[in-house]
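This is what each chain is made of:
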Amino acid sequence: MTAPLTPPHRPNQPSGDNPWQSPPSGPVPAGATWTGDGPYRKDGAQRDELIKDLRDGVVVLVAVTVLGIALGLLWLWLAPRVPLVSNETGVFLKDTEGEEAIGADGTFVLLAAGLGALSAAAVFLFRRRGGIVLVLALALGGLLASLLGWGVGVWFGPTRDVVEHARQVGEGVTFDAYLELGAKNALLAWPLAAMAVHLGLTALFGPRDPEPEWEPHGPWQQ
């Protein structure tokens, strides 16, 4: 025979420390969960905070992506052009040793990095507390903005049909090649710069968590 299973008895044990304590009677508060060792734990605040994070993340994602239009227009305006010339046999580079193509990639990287830093600063001012959702939205928005800026620059730039363009301007006349992004890793300049700047601003000026207060325990405690 075995003894009936009874909870261990501890003298002078507070009722809140009873491991077999039953949940308190009465209606359960909305958004609360029984923890087994005390009053109900409120989960509504955490859920509301998550919803706010997601909402702010969507706003940041859309706003940063739309800013890619400015990147494309600035790139189209500031990027150096690759000069072409045609003759009876075809279309050729006017200056075979020119570095205009590299300059176009460099211009895109500099503009994207600058706009990434500005967008990160704006997001930090919008919500200083930060959060993983906000950082992911900033990074994804920067990548989408780079893709959008690339497309805008190519779309509004010189035509990609260089043969037809050469026929229109005539033989021996210099004209601009279509705008192209040779180094595709330049698309990462915006998200990398945005995350770096946002991380730095959060580390320097973000809110700090309060230090925990330790209470002494031991025989010397009064």
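As the structure is a prediction and not an experimental result, all values here were calculated from the model.

**Student:** Honestly, the overall build of the protein chain in this entry has me stumped. Any pointers?
**Tutor:** Across its full length, the protein chain carries six helices and five strands. Going residue by residue from the N terminus, the α and β elements of the protein chain occur as β-β-α-α-β-β-α-α-α-β-α. Among the 222 residues that make up the protein chain, the fraction classed as buried is 28%. Of the contacts made within the protein chain by residues no fewer than 6 positions apart, 72% connect residues no fewer than 24 positions apart. Accessible surface, the protein chain as shown: approximately 14,900 Å² in total, 65% of it carbon and sulfur.

**Student:** What is the right way to look at the pattern of salt bridges in this model?
**Tutor:** Any two side chains of opposite charge can pair, so long as their charged atoms come close to each other. Tallying each qualifying case throughout the model produces one salt bridge. Ionic pairing is found between K52 and D56, a salt bridge with its closest N-O pair at 3.1 Å. Placement of the pair is K52 and D56 together in helix α1 (residues 44-66), with a separation of four residues, close to one helical turn. Among the residues examined, K52 registers a relative accessible area of 34% and is labelled partly exposed.

**Student:** Would you mind going over the confidence of the model for the protein chain with me for this structure?
**Tutor:** Interpretation of this model should avoid reading the predicted coordinates in detail wherever pLDDT is low. With 69% of its residues at a pLDDT of at least 70, the protein chain reaches an overall mean of 78. The low-confidence segment residues 34-41, where pLDDT is below 50, has 17 contacts with residues more than four positions distant or belonging to other chains.

**Student:** Is there a simple way to think about the nonpolar core in this case?
**Tutor:** Where a protein is soluble and globular, its nonpolar side chains tend to be buried together. Counting 25 residues, the largest nonpolar core has V60, L71, W75, F108, L138 and W190 as its most contacted members. Listing elements by their share of this core, those giving two or more residues are α1, α2 (68-78), α3 (100-126), α4 (132-156) and α6 (189-205). With seven residues, α3 is the single largest residue contributor to this core. Each residue touching L71, except ones within four places of it in the same chain, is listed here: F108, L111, A112, L115, A145, S146, G149 and W190.

**Student:** Quick question: what am I supposed to make of α3 here?
**Tutor:** Note: α-helices contain 3.6 residues per turn, so residues at a spacing of three or four share the same orientation. Helix length check: α3, at 27 residues, gives a terminal C-alpha distance of 38 Å against a target of 39 Å (1.5 Å per residue), a fit within 8%. All buried positions along α3 are accounted for by A104, D105, T107, F108, L111, A112, L115, G116, S119, A120, V123 and F124.

**Student:** What exactly am I supposed to notice about a nonpolar patch on the surface here?
**Tutor:** A cluster of nonpolar residues, V58, V62, V66, I69, L73, L148, W155 and F156, forms a patch on the protein surface that exposes about 810 Å² of accessible area. Of all elements in the fold, only α1, α2 and α4 reach the threshold of two or more residues within the nonpolar patch. Tracing the sequence through the fold places V58 in helix α1.

Definitions and cut-offs
Residues numbered from 1 in each chain as written. Predicted model: local features only at pLDDT ≥ 70, side-chain atom pairs only at ≥ 80, totals over all residues. Heavy atoms only, no water. Helix = DSSP H or I, 4+ residues; strand = E, 2+ residues; numbered from the N terminus. Buried < 20%, exposed > 50% of the residue type's maximum accessible area, 1.4 Å probe, protein only. Contact = heavy atoms within 4.5 Å. Areas by Shrake-Rupley, 256 points an atom, 1.4 Å probe, with all protein chains shown as cover. Salt bridge = Lys/Arg side-chain N within 4 Å of Asp/Glu carboxyl O. pLDDT = per-residue confidence, 0-100. Core = buried A, V, L, I, M, F, W, Y, C linked by side-chain atoms within 4.5 Å. Expected span 1.5 Å × (residues − 1). Patch = residues over 30% accessible without salt bridge, like charges linked within 9 Å, V, L, I, M, F, W, Y side chains within 5 Å.

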